[in-house]
Amino acid sequence: MSSRPDATRVRLDKWLWAARFYKTRSLAKTAVDGGKVHLNGARTKPAKEVVAGDRLTVTRGIVEQTVIIVGLSARRGSAAVAATLYEETPESVDARERLRAERRMRAAGLTVPKSRPNKKQRRALRDLKTNA
């Protein structure tokens, strides 16, 4: 295995570090060992070699990203270069945006009610709107 950026196979933990999913290779290895990274839908080991076209699911905190590997690199470069190594799936982008919107609403003190207001609550809302 070569450490050149144009290598055909790269260790999973090195790729995660090079693609800037984790700050250090040690953190990437710990995440893979902890089951936070799935390769093609299955748990894997940090030394597993990845190839272009593999599908990765990376869980960081409550955010889960699903990406397709487009490029390989064993070296860590700039963020612009790292962004060219993978392509996030549209479903993953939608889920992240939905989660982000929910967190913003909760931070603002807004919650989505579980059911429609009953008659008493509707009257209270109407009174609140007219007296405000």
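As a reminder, the structure under discussion sits directly above these lines.
These numbers were taken from a predicted model, which means no experiment stands behind them.

Attention shifts here to the overall build of the chain. Of the regular secondary structure elements, the chain holds five helices and seven strands. When its helices and strands are written in sequence order, the chain yields β-α-α-β-β-β-β-β-α-β-α-α. Computed over its C-alpha atoms, the radius of gyration of the chain comes to 22 Å, more than 25% above the 14 Å expected for a compact globule of 132 residues. Reported as C-alpha extents along the three principal axes, the dimensions of the chain are approximately 70 × 30 × 25 Å. Going through the 132 residues of the chain one by one, you find that 27% of them count as buried. Summed over its atoms, the accessible surface of the chain is roughly 9,100 Å², and 53% of this surface lies on carbon and sulfur atoms. In the chain, which carries 30 positive and 13 negative side-chain charges, the distance between the mean positions of the two groups comes to 8 Å.

Bringing the sheet that holds strand S5 (residues 55-60) into the picture now. Strand pairing in a sheet relies on backbone hydrogen bonds. The paired strands run either parallel or antiparallel. Overall, antiparallel pairing links the five strands, which are arranged S3-S2-S5-S6-S7 in an open sheet. In this open sheet, the two edge strands, each paired with only one partner strand, are strand S3 (42-43) and strand S7 (86-88). Sheet topology places S5 next to strand S6 (residues 63-69); six bridges connect them, and they run antiparallel. Paired with threonine 59 across the two strands is glutamate 64, which belongs to S6.

Below, the discussion takes up the environment of leucine 12. Take leucine 12: it is sitting in helix H1 (residues 12-18). The class for leucine 12 is buried, based on a relative accessible area of 0%. Those residues in contact with leucine 12, other than ones at most four positions away along the chain, are Val32, Val37, Thr44, Lys45, Pro46, Lys48, Val50 and Leu56.

Quick reminder: α-helices carry 3.6 residues per turn. Residues three or four places apart thus point the same way. Listed as buried for helix H2 (residues 25-33) are Ala28, Ala31 and Val32. An end-on view of H2 places all buried positions within 100° of arc, on one side of the element. Among the exposed residues of H2, those pointing more than 90 degrees away from its buried face are Ser26 and Thr30. Turning to H2, the residues buried within the fold contact H1 and strand S2 (37-39). In the segment just after H2, glycine 35 is the residue with positive phi, at about 80°.

Criteria and thresholds
- Position labels on residues start from 1 in each chain and follow its written sequence.
- Local features in a predicted model are, by the rule used here, given only for residues with pLDDT of at least 70; side-chain atom pairs are given and counted only at 80 or more, and totals for whole chains, interfaces and linings are based on all residues.
- Excluding hydrogens and water, the side-chain figures rest on all heavy atoms present in the structure.
- The numbering of helices and of strands both runs from the N terminus, where a helix is a DSSP run of H or I of at least 4 residues and a strand a run of E of at least 2.
- The globule rule used for comparison is 2.2 Å times the number of residues to the exponent 0.38, while the radius of gyration itself is calculated over C-alpha atoms.
- Accessible area is worked out with a 1.4 Å probe on protein chains only. A residue is then buried under 20% of its type maximum, exposed over 50%, and partly exposed in between.
- In these tables, accessible area is a Shrake-Rupley quantity obtained with a 1.4 Å probe, and a residue counts as shielded only by the protein chains included in the view.
- We score Asp and Glu as negative and Lys and Arg as positive, and we do not count His or the chain ends.
- For charged residues, the charge sits on one atom: NZ in Lys, CZ in Arg, CG in Asp, CD in Glu.
- Any two strands are treated as partners once DSSP identifies two or more bridges connecting them.
- Here, residues are in contact when the closest pair of their heavy atoms is within 4.5 Å.
- This arc is taken over the directions from the axis of the helix to the C-beta atoms.

Geometric values such as these leave the question of function open.
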